[in-house]
Amino acid sequence: MSDTIKLVDYHVHPGYSIDAAPVGIDEYCVRAMQIGLAEICFTPHLEVDEARKHLDWFVRCNGRVMPMEDLQWLDFYFQEINMAREKFSPRLVIKAGIEVGYEPGREMYIEKILTGFPFDFVLGSIHCLNHVAISSKKECAVHFAGKTCAEVAQDYFTSLEAAVKSRLFDCMAHIDLYRRYGTVYLDRNNIEEMHRGYIEKIFKYMARHHIGLEINTSGLRRELGDLHPSKAIVQTALQQGVQIFTTGSDAHSLSEIGQGLQAAERLLKQFDLQAATFTGRKPDPQKGWTNLPTLP
Ligand SMILES: [Zn+2]
Ligand SMILES: [Zn+2]
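Residues numbered from 1 in each chain as written. Chains lettered and ligands numbered in written order. Predicted model: local features only at pLDDT ≥ 70, side-chain atom pairs only at ≥ 80, totals over all residues. Heavy atoms only, no water.

Going by the annotation in an unreviewed UniProt entry, the name recorded for the protein is Histidinol-phosphatase, with Desulfoscipio geothermicus DSM 3669 given as the source organism. Its UniProt record gives the protein a comment under Pathway (unreviewed entry), which states: "Amino-acid biosynthesis; L-histidine biosynthesis; L-histidine from 5-phospho-alpha-D-ribose 1-diphosphate: step 8/9." (UniProt positions renumbered as here; feature names shortened; annotations may be inferred.)

Quick look at the structure:
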């Protein structure tokens, strides 16, 4: 690794997320420094699909599980971030992000939360199709049964296009999440091609509006054994003019932070790119950006 490349993890779930281990911000920061990260961005889940309220709308805060729509947890989150910054800066740069599970029709609710708190970075994700979590192996087993790749592609990319065009997000997370368990439950041969004809125009829109694309390493830890997105999709993003790429482990426990970041960096390096960082929802200036993306 050259001196100029500093590994950054821009997708980390602290204990607020109930699907993550009950680990505090401080503990993640200590671990981040131990493994030599230069910067960490926390991204607790915000889920907004009313049909899944009984399943997903919970956070762990102050040692107890509470409803996610009680936004008090975000006050605690920012307090914890600020305390960690006082403790660990300048050794570690700490950013406050969030990962929003997009749901069509919930744009105003999402916007109200995003503008109500001083986030550095907002990841947008498609976690659910027709109220079924495609991030879950169990739910995929049922949802994908009897479906063709073409049917899943139609649903997935319709939702992704709406998410991108909502302009609510700084960067799109694991943009080919359907591959996570699609490779298990759908036709493996078709799955690597199912983005074609859909994703090009989505990337063009992202490029025009300076929306980033995440290189997510969580697939390396699962059956998929590959990054999200695939190299072919990264190439398509570049062809369509996407300039901003972030790297994230999608860690849900201490042992997962930083995992696979070298592989993500290697992929970016092949295209002469480096991982972007954000402050106050704007990408930090980067060497080599001749035409620095500026948000309108
Ligand atoms: Zn996600
Ligand atoms: Zn995540």
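## Side note on the overall build of the protein
A count of helical and extended segments in the protein gives 11 helices and 14 strands. Dimensions of the protein, computed from C-alpha atoms along their principal axes, come out at roughly 50 × 45 × 35 Å. Per-residue burial over the protein gives 55% buried out of 296 residues. Put simply, of all contacts in the protein between residues at least 6 apart along the chain, 75% involve residues at least 24 apart. (Helix = DSSP H or I, 4+ residues; strand = E, 2+ residues; numbered from the N terminus. Buried < 20%, exposed > 50% of the residue type's maximum accessible area, 1.4 Å probe, protein only. Contact = heavy atoms within 4.5 Å.)

## Quick notes on the nonpolar core
With 94 residues, the main nonpolar core has F42, W73, Y77 and M206 as its most contacted residues. The leading source of residues in this core is helix α6 (residues 149-165), at 8 residues. Apart from the residues within four sequence positions on either side, F42 is in contact with V12, P14, I25, Y28, C29, Y77, I81, I94, K95, A96, G97 and I98. (Core = buried A, V, L, I, M, F, W, Y, C linked by side-chain atoms within 4.5 Å.)

## What to know about helix α9 (residues 199-208)
Buried within α9 are the following residues: I199, I202, F203, Y205, M206 and A207. In this structure, the buried side of α9 is in contact with α6, β10 (171-172), β11 (212-216) and α10 (231-239). Once α9 ends, the next one or two residues include H210, with phi positive near 55°.

## What to know about the UniProt feature "domain: PHP" (unreviewed entry) in the protein
Cross-referencing UniProt, the feature "domain: PHP" (unreviewed entry) maps to residues 9-218 in the present numbering. End C-alpha to end C-alpha, residues 9-218 measures 12 Å, and it is 41% helix and 21% strand.

## What about the pattern of salt bridges?
Summed over the entire model, instances satisfying the criterion amount to 17 salt bridges. Linking R106 and E50 is a salt bridge whose minimum nitrogen-to-oxygen distance equals 3.9 Å. Of the two residues, R106 sits in the loop between β6 (93-101) and α4 (107-116) while E50 sits in the loop between β3 (45-47) and α2 (53-56), which places them 56 residues apart along the sequence. For E50, a relative accessible area of 54% gives the class exposed. The salt bridge involving R221 is made with E256; its shortest N-O contact spans 3.6 Å. (Salt bridge = Lys/Arg side-chain N within 4 Å of Asp/Glu carboxyl O.)

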